[in-house]
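Structural features, examined
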Amino acid sequence: MIEASAPGKLFVVGEYAVVEPGEPAVLIAVDRYLHVRLSETATPVALSTSPHVQAAIGTVAELCAARGIAPRHFDIQIESELDEQDGRKFGLGSSAAVTVATIAALDALYQLKLSPFERFKLALLATIQVSPRASGGDLAASTFGGWVFYRSPDRVALRAHHAAHGVVSALESELWQASEIRELPAPADVRLLVGWTGSPASTEELVDSVSASPKTGNHDALREAFLSHSSKLALSFAAALESGASADQLFEIIRASRALLHRLALDRGIVIETETLSALCSIAEEFGAAAKSSGAGGGDCGIALVKPENDIPSILRAWEQHGITHLDLDVAGSAATRIGAEDER
Ligand code: PMV
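Procedures and definitions
Residues numbered from 1 in each chain as written. Predicted model: local features only at pLDDT ≥ 70, side-chain atom pairs only at ≥ 80, totals over all residues. Heavy atoms only, no water. Helix = DSSP H or I, 4+ residues; strand = E, 2+ residues; numbered from the N terminus. Rg over C-alpha atoms; globule rule 2.2 N^0.38 Å. Buried < 20%, exposed > 50% of the residue type's maximum accessible area, 1.4 Å probe, protein only. Contact = heavy atoms within 4.5 Å. Core = buried A, V, L, I, M, F, W, Y, C linked by side-chain atoms within 4.5 Å. Near = heavy atom within 4 Å. Polar contact = N/O pair within 3.5 Å; in protein donor to acceptor, adjacent residues only side chain to side chain. Areas by Shrake-Rupley, 256 points an atom, 1.4 Å probe, with all protein chains shown as cover. Nonpolar A, V, L, I, M, F, W, Y, C, P; charged D, E, K, R; others polar. Pairing = 2+ DSSP bridges. Salt bridge = Lys/Arg side-chain N within 4 Å of Asp/Glu carboxyl O. Axes fitted to C-alpha atoms, helices over the stretch in contact; angles between N-to-C directions.

Attention now moves to the overall build of the chain. Within the chain, the regular secondary structure consists of eleven helices and ten strands. Expected size for 345 residues packed as a compact globule is a radius of gyration near 20 Å; at 20 Å, the chain falls within 12% of this value. Considered along the principal axes of its C-alpha atoms, the chain spans approximately 60 × 45 × 35 Å. Within the chain, buried positions represent 52% of all 345 residues. Taking the intrachain contacts of the chain between residues at least 6 apart in sequence as the baseline, contacts between residues at least 24 apart amount to 79%.

What follows is the structure in structure tokens.
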């Protein structure tokens, strides 16, 4: 059996903007994992019906065919720490993690010897067959782990290139040059708190609404203003981590990022920060921390950055009183995707 595990993720800064090719975001991988266990079988078995798993299998199968590697039969079992026991998702990027882990398991099965960046590329090529707008930031965090700086490539062009020229050419395409994945140093003396609202959100619907024309004002001007502001925030957050800036500087960027998302939601007539997410942020602020929704919002999780002197037990107690579940998780280390050595368990 081969086991591959990939962590979940959370957006820190740059969500929504990162959907535009080349726009930056900062994410973290979290130390909750999705595990894919792959066992070879003598005959074909019915595999997972998850579209992400199927797309991952299909993309690797295409690569194997191009390399002249004979297909094998296997069974796939998936175990996720990214969902509540009753099946509700935390919004920690389970679709990305299952894609990344499936590709890593197949890499081991077929001994493709893919680099992490090649696994990321295959994962993104597979993902955009299912969710064409997905930025791939979650795949980058899940593949590389830690604190990650990310810019997406042009997925419309990549999808078209893949369809026209096949996976080998798509992997080598110059289109990847617009994308960037860089590991960032973790901040010293800043702890991450994650609160789960308990309500699921549809990232795709929210991203569609943001891409649609806004209700007021000039669409292009608003869009440009949002992208330029978001880009500044993501770049300054990355620079602050790289220069070991103070917690206060990071907090300022988190607060500005929250305000920017408020404005985006207002412009587009959508709800990013729900009442529960608002409560999560106000409570954290009350105790001197900085907080915001993470990812598409509309439910799922919010994050708070806290200093050692902030009263964490009081924040968590107040969260609980407002129906917010503290997810006890930390940032996953780098080289996050773990591939178990082949063994005969
Ligand atoms: O809601 P999440 O955590 O899946 O994040 C979505 C982030 C977006 O930027 C809105 C979409 C994307 O694909 O990056």
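Looking at soluble globular proteins, one finds that nonpolar side chains tend to be buried together. Counting 95 residues, the largest nonpolar core has L10, V12, Y16, L92 and F237 as the members making the most contacts within it. The element best represented in this core is helix α2 (residues 94-110), accounting for eleven residues. In this structure L10 touches L27, I28, V30, L92, V194, S294, C301, I303 and L329, once residues within four positions along its chain are discounted. With 16 residues, the next largest nonpolar core counts C281, I283, A291 and I324 among its residues.

Around the ligand sit K9, F11, E15, Y16, V18, V19, A134, S135, T203, V207, G295 and A296, and those are all the residues in its vicinity. Residue A296 places a main-chain N or O atom 2.8 Å away from an oxygen atom belonging to the ligand. Here the ligand loses 89% of its free accessible area of 380 Å² to cover by the protein chains. Of all the secondary-structure elements, those providing two or more residues to the shell around the ligand are β1 (2-13) and α7 (203-211). Here the residues of the shell around the ligand are counted per class, giving seven nonpolar, three polar and two charged.

What follows covers unusual backbone geometry. Although it is not a glycine, Y16 sits at a positive phi angle of roughly 70 degrees. Structurally, Y16 is set in the loop between β1 and β2 (24-40). The buried category is assigned to Y16, whose relative accessible area is 8%. Positive phi values are uncommon outside glycine, yet D300 reaches one of about 55 degrees. Relative to the elements of secondary structure, D300 occurs in the loop between β7 (290-293) and β8 (301-306). Under the relative-accessibility criterion, D300 is labelled buried at 10%.

A few words now on the pairing of β1. Buried residues dominate β1, accounting for twelve of its twelve residues. Pairing of β1 with β2 involves eleven bridges; the strand directions are antiparallel. Along β2, the bridge assignment pairs L10 with I28.

Evaluation of the coordinates by the stated rule reveals 16 salt bridges. The salt bridge involving D83 is made with K89; its shortest N-O contact spans 3.9 Å. Note on K89: relative accessible area 44%, which makes it partly exposed. A salt bridge links E285 to R255; the shortest N-O distance between them is 2.9 Å.

So, on to the sheet that holds strand β6 (residues 191-196). Reading across from one edge, β7-β8-β6-β9 is the order of the four strands in this open sheet, with antiparallel pairing throughout. Each of the sheet's edge strands pairs with one partner strand only, and the pair in question is β7 and β9 (325-327). Neighbour-to-neighbour, the strand axes of this sheet turn through a mean angle of 30 degrees, independent of strand direction. Taken together, the three bridges between β6 and β9 define a ladder with antiparallel strand orientation. Across the sheet, the residue bridging to V194 is L327, located in β9.

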